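# Tertiary structure, described
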Amino acid sequence: MNRHIRHNKRLSAGMTLIEVFIAVVILSTGLVVLLTAASRCLAVMKSAKNYQTAQWTLNKGDLDYPVVPTNDVKQLEVSPVEYPGGFTYSRVVEEDDDKDLLYVMRTKVSWSDHSREMSEEVVRYVLEMPKE
């Protein structure tokens with residue numbers, strides 16, 4: 001009888017192969033979820049950094065090429081200018097549909113993000129001063 005009790009204790013003392021397999025599956029699933037979340041967090045941080053740099057580029061471009069009162073609004077246009085980090089600043093002036101003295105000025109910052117072309121645009125209206 002004593003041998004029988006020792007034999008049962010030996011069998012129940014360790015883990016079976018199925019228990020080990022289930023533990024490995026649970027751990028690996030948790031690890032995959034954790035790595036996926038960390039990867040997405042890094043992608044969001046990079047995207048936020050790009051938008052911050054785009055805002056800096058927009059401000060820098062507006063300082064380098066200020067909007068000044070003029071009789072010819074086409075002088076306010078800026079052909080694409082490269083800034084650090086692969087960001088491009090440009091400004092175009094288009095006639096408004098009303099054919100009045102208001103013009104639409106579109107300032108655009110564009111950059112490449114993981115083989116996608118990204119851009120931010122600010123739209124303002126400018127008034128052309130009458131020529132005297």
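Structural notes, computed from the coordinates. (Residues numbered from 1 in each chain as written. Predicted model: local features only at pLDDT ≥ 70, side-chain atom pairs only at ≥ 80, totals over all residues. Heavy atoms only, no water.)

What follows is about the environment of G61. Mapped onto the fold, G61 is located in helix α2 (residues 17–64). Counting along the chain gives 22 residues from G61 to Y83, while the straight-line C-alpha distance between them is 8.8 Å. Not counting chain neighbours up to four residues away, the residues in contact with G61 comprise Y83, Y89 and R91. (Helix = DSSP H or I, 4+ residues; strand = E, 2+ residues; numbered from the N terminus. Contact = heavy atoms within 4.5 Å.)

Turning next to the side chain of D96. With respect to the element layout, D96 can be found in the loop between β2 (87–95) and β3 (102–113). For D96, which is buried and forms no salt bridge, the nearest opposite charge comes from R106, at a distance of 8.2 Å. Once you skip the residues sitting within four places of it in the chain, D96 turns out to touch L102, Y103, V104 and Y125. (Buried < 20%, exposed > 50% of the residue type's maximum accessible area, 1.4 Å probe, protein only. Lys, Arg positive; Asp, Glu negative; His and termini not counted. Salt bridge = Lys/Arg side-chain N within 4 Å of Asp/Glu carboxyl O.)

With that out of the way, let us pick up the sheet that holds β3. Strands pair in a sheet through their backbones, by hydrogen bonds, and they do so in one of two ways: parallel or antiparallel. Read across the sheet, 4 strands follow the order β1-β2-β3-β4 without closing on themselves; strand pairing throughout is antiparallel. This sheet does not close on itself; its edge strands, each paired only once, are β1 (78–83) and β4 (116–127). With strand direction ignored, the average angle separating the axes of adjacent strands in the sheet is 15 degrees. One ladder, built from 8 bridges, connects β2 with β3; its direction is antiparallel. In the sheet register, Y89 faces β3, and the bridge partner there is V109. (Pairing = 2+ DSSP bridges. Axes fitted to C-alpha atoms, helices over the stretch in contact; angles between N-to-C directions.)

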